[in-house]
Amino acid sequence: MTHATLRRLGLLLLTLALSGCLGGGGGGSNVRPTTDTPTAEPTDSAVPTTGDTVLVGVVDGHFNTRHVELVGSVQDTWNLLTQDRDVTTPRAGQDGVPNHGTPVASLVAGRTTGTARDARLFLVRATDSNQAFASTLAEGVEKSIDQGARVVSLSFAVPPAALAGTSSTTAPLADRIQEVTYTPAQGTPVTVGTALVISAGNTAASLSDQRFYYNPTDRDQRRLMERTILAGGSSGTSRAAQSSYPGEREDLQARFLLAPFSSRAADGTTDDGYLTLRGTSGSTPLIAGMLAELMSRWPHLTAPTATRHLLDTADRGSPLFDRNDCGESGTVNCGAYYMGRGLADLDAALRPRGELAVATGLSVEGASVPVRQSWSAWSQAFGGELAGLEEGTRGLVGFDTLGRDYTLHTADSHQPLRTHARRLTDRMEAQLQRGRLEPALHAQVTPRVSMTSRFDPSGELQAGRLHAELDGLAVSAFTARDELEDLPGDFGAQPHGMATLTHTGGDLAYHLQERTGLSADLRMAQGLNLHTRFWSGSADRSAGQALQGRALSTYRSRHHDVGISYAAGDHTLLSLTLGQRRESGGLLGSVGSGAFNMDGGTRLNTARAGVDIQLNDHFGLWGRYERGFVRFPEGGGLLRSLNDVQTQQAGLGLHWRADDAHQGFFSLAQPLRVESGQAAFDIPVGRTLEGSVIRERRQVPLTPTGRQTDIELGYAFSPSPTRRLEFNVLHVLEPDHVRTAPADTAVLTRYGRRF
C-alpha cells in the first residue's frame, strides 16, 4: 500500500470520526422561533439587485419550499438520503426533524430576508438531524456544481481538510469546485468556478487549535481554500461570544469573515411565519448571498476573485484591530485573531475598487484613462444646455481594477466653458480694467514706420503694433494679451472704436494668453485691396481656474485668412474674406481631457462678407456675416468625429459721432453658434466575460435650442482730452442659445480721468 493511499485512508477515517460531532452551525438549541416577529415584508434592500441570475446551492436538512420567502426562488431540489427531489417530507419541525434548512435558505434568497433576492436556489437535503458526514456534504456540493451553482452554502462546522479530497466521483472536490462555467446569452462559456462558504461553528473555540482543520501544504486543501470563506458570527461591531474564531494561524485569519450571528429568517414549520436564527448557521448564508450578489452584477468574477474581494473589503472598524496583544505570544493582532478579516460589508464590496477608468480600446485590460481626468468644457457656440452631449454619453461605464463596470453619471462631465452670467461678468470687469490702462502710445520711428502700444498700470504690455507703409503695401506685426483686444480683421472689430459688452467670438479666444501675428494689405487697383493675416496663440495655464480647478489641456490656436475689399464709391466699402482657424486640443474653443479629449485637431474654414457705409459726416452703418465649416478628424477619445458641422455669426450696427466730445452706437449681434451637425460618440457600455469592451456608436445633434441676440446701445462723452464718461446698455435674448432662458440686461458706466 503506497504512502498516498495510506494518507487518504487516514483522512477518510478522520472524516468519519469527526462527522459524528459536526453540529449545524446554528445548532438545534440555537434556533429560537419568535411569535412576536412581524410577518410584513420590510422595505426593499438599500442595495437593489441587478444583473444575471446566480444559482446558489444550499446543502442542509429539510426545506419547506412552500414558505412565502422561498416561493419563486427555488430552481431545483435533491434529497441525498432518498435520491429523489423530495426535500420537504416529513414537514420541518415534525417527527423530530430540525427546523434548520428553511431559515438558512431564506437568508440567501428570501423575498424579504435574503441578501441576494434575485438569486435562485438549489436545495440539497443532506441530513435528518443536526449532523452530517463530511462525505455527504461533499456530495451535496458536487450535486450543486453539477447544477451550475456558483456559490454553495454549508451551515455545518466541517473542516476544509475533510472536504478537499473527498468526492463521490473519481475527481476530488478541489478539482470539481473549479469546473463551473458561466454561459452568457450571447458569447462563449467561461470557467468561473464555485465559491464555498463554511460555518465556523458555535463552540467559542479557536479553529487554529483544531489539529486537522486545514493543511496549507496539501495541494487539494489549498485549492479548495482559495475559493472558501469561513463564516463566523458577529454581534454589533465585534465577534459574537459563542462564535468560533480563527485564532493564531494567519492562513485561517485570511479566509475568515463575520456576518450577523442573529437574523430574522423564515420559519419552516409554517408557510408564512418567521423566527430568529442564531448561530453561524445564519452567518453562512448571509455571506453566500453577498457572493451571489457580486457575481450577479459582474458574472466575470471567478470564485477566487469574488471571495478575496469580499474578504478584502471587510469592515475593520472594531477596536480589536487596534490591539496587538492576543494569542499565546501576546503579539497577535486581536482583530485578526478573533475576527479574521472583519465584518462582511456588501456595500463596500459593491463600491469600485481602485480608480475607475474609461476604456478607450477594445479590451478592459487595454488602454484607458481615469474617470477623474475625463471632463469637457464646451464653448458658447454649442449652447448652454448640452442636452445632446449628455444623451450621447448616457450609459457610459468605467471599469475598476477588478474589471467591474459601473455606469457613470456624465451630466457633470459636460459643462459650459462659461455661463452667460460668467461671460458677461468677465467682459464687464475687463472693460472696467481697460479703463485703467494707460492711453495708447504712438511713436513715429521713420516716416514710414510707426509703433503703437498700450500698457497696464503695472507697466506690462497689453497690446502692441509695429506698422510699416511701403509703396502700395502696408505691413503690420501685432500682439495682444486680452480676449477683448480685437486684432486686425477680427469679426468683433467695430469701426467706432468704443467699449462694447457684446461678445461675438463664442469663446474662441478665451484660453489664449497671447496672440501674435502679421498682417499685410496690398493696393491692387483703384479701390481694390488684397489683405492677408496670420496669428497664433496658446493657452493661459491660469485659465484652469475657470474650469473648476482642472488643468487646461495644451490648447493652441492659429488663424490665417485672405480677402479682398472694394471701395464702391467714396462712402461704401465691401469686403469678402476666406479664412481658416486651426485648433490643437480644442473644438471651437471647447476643451476636454481624458476620455473626452479633443486632441485630434480642428479646422474651422470660414467665409465672411462685410459692408461699411459712411452715411454722412456723423453717421455710419456696418454689417458682418460669417459662415463656418468645421472639420474634426477621427479622434482617440469618446468623441470620434463630427459630421456636417456648420457655424454662423452675424452683426449689424449704426455708429454716430457728433464731434470730438460725443459719440455713440447701436448694434445687433448674434454670437458664434453651431447651426447644424452631429457628433459621433463611441461609448463603452459594458463588457464580455472574456474581457472585451462592449461599445456603442451614437450620433447626437449639436445644434442649440435657441439663438442668442445681443442688442446694445453705447454712448461716450469726452468733455476734455483728459476726461471720458462711457455708458453701455446690453439686452440679451435667449442667452447662451437656450430658447427657454430668460432675457438679461446689463448696464455698464465707466468714468476715467488722467492727471
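Counting starts from 1 at the beginning of each chain's written sequence and moves along it residue by residue. In keeping with the predicted nature of the model, local features appear solely for residues at pLDDT of at least 70, side-chain atom pairs appear and are counted solely at 80 or more, and the whole-chain, interface and lining totals rest on all residues. Side-chain numbers come from the whole structure's heavy atoms, not from hydrogens or water.

As for the overall build of the chain
Link 1 in the chain: The number of helices and strands found in the chain is 13 helices and 36 strands.
Link 2 in the chain: Three exposure classes are used, based on accessible area relative to the maximum for each residue type with a 1.4 Å probe and protein chains only: buried under 20%, partly exposed in between, and exposed over 50%. Looking at the chain as a whole, 52% of its 755 residues qualify as buried.
Link 3 in the chain: A contact between two residues is defined here by any heavy atoms of the two lying within 4.5 Å. Within the chain, contacts between residues separated by at least 24 positions form 70% of all contacts whose residues are at least 6 apart in sequence.
Link 4 in the chain: Roughly 32,300 Å² of accessible area belongs to the chain as shown, and the carbon and sulfur atoms make up 52% of that amount. What counts as a helix is a DSSP run of H or I of at least four residues, what counts as a strand is a run of E of at least two, and both are numbered from the N terminus. Residue burial considers only the protein chains on display, and all accessible areas are found by Shrake-Rupley using a 1.4 Å probe.

Considerations on the state of the cysteines
Link 1 in the chain: Throughout, disulfides are identified as pairs of cysteine sulfur atoms within 2.5 Å of each other. In this structure the tally under the stated criterion is one disulfide.
Link 2 in the chain: At a sulfur-sulfur separation of 2.0 Å, the disulfide partner of C326 is C334. With the S-S bond torsion at 105°, the cross-link from C326 to C334 turns out right-handed. Accessibility classification places C326 together with C334 in one group, the buried group.

Thoughts on the pairing of strand β35 (residues 723-733)
Link 1 in the chain: In terms of strand pairing, strand β34 (residues 709-720) meets β35 through 10 bridges, oriented antiparallel. Bridge pairing in β35 places T709 opposite L733.
Link 2 in the chain: Paired strands, in this sense, are two strands between which DSSP finds at least two bridges. In this antiparallel pair of consecutive strands, β34 and β35, the connection spans two residues.
Link 3 in the chain: Where β35 lies against strand β36 (residues 744-753), 10 bridges are found, and the strand directions are antiparallel. Residue pairing in the sheet places F727 in a bridge with T749 of β36.

A short note on empty space enclosed by the protein
Link 1 in the chain: Site definitions follow a grid-based scheme: protein atoms alone, a 1 Å grid, a 1.4 Å probe that fits but cannot get out for cavities, and for pockets an open set with protein on both sides within 12 Å along at least five of seven lines, plus lining residues having an atom within 4 Å of a point. Grid points are joined across faces, edges and corners, and a volume is the space filled by probe spheres set on the points. One pass over the structure, following the stated rule, counts seven cavities of 30 Å³ or more.
Link 2 in the chain: Estimates place the volume of the largest cavity at around 80 Å³.
Link 3 in the chain: Lining of the largest cavity is provided by Q380, H420, R423, L424, R427, L501, T502, H503, Q708, D710, L730 and V732.
Link 4 in the chain: If one sorts the elements of the lining of the largest cavity by residue count, helix α13 (residues 420-434) sits on top with four residues.
Link 5 in the chain: Under the scheme applied here, ten amino acids are nonpolar (Ala, Val, Leu, Ile, Met, Phe, Trp, Tyr, Cys and Pro), four are charged (Asp, Glu, Lys and Arg), and all others, including Gly, are polar. Grouping the amino acids of the lining of the largest cavity by side-chain chemistry returns four nonpolar, five polar and three charged.

Focus on the packing of aromatic side chains
Link 1 in the chain: We call Phe, Tyr and Trp rings a pair once their centres come within 6.5 Å, taking the six-membered ring for Trp, and we label the pair stacked below 30 degrees between planes, edge-to-face above 60, and tilted otherwise. Scanning all chains against the criterion turns up five aromatic pairs.
Link 2 in the chain: Ring centres of Y245 and Y337 lie 5.6 Å apart, and the angle between their planes is 40°; on these two criteria the pair is classed as tilted. One end of the pair, Y245, is in the loop between β10 (238-239) and α7 (250-253); the other, Y337, is in helix α10 (residues 334-339), and 92 residues separate them in sequence. A single burial state applies to Y245 and to Y337, both of which are buried.
Link 3 in the chain: With centroids separated by 5.2 Å and ring planes inclined at 45°, the aromatic side chains of W298 and Y406 adopt a geometry described as tilted. With a gap of 108 residues between them, W298 in the loop between α8 (280-297) and α9 (303-312) and Y406 in strand β18 (residues 405-407) connect regions that are remote in the sequence.

Distances and angles like these do not, on their own, reveal function.
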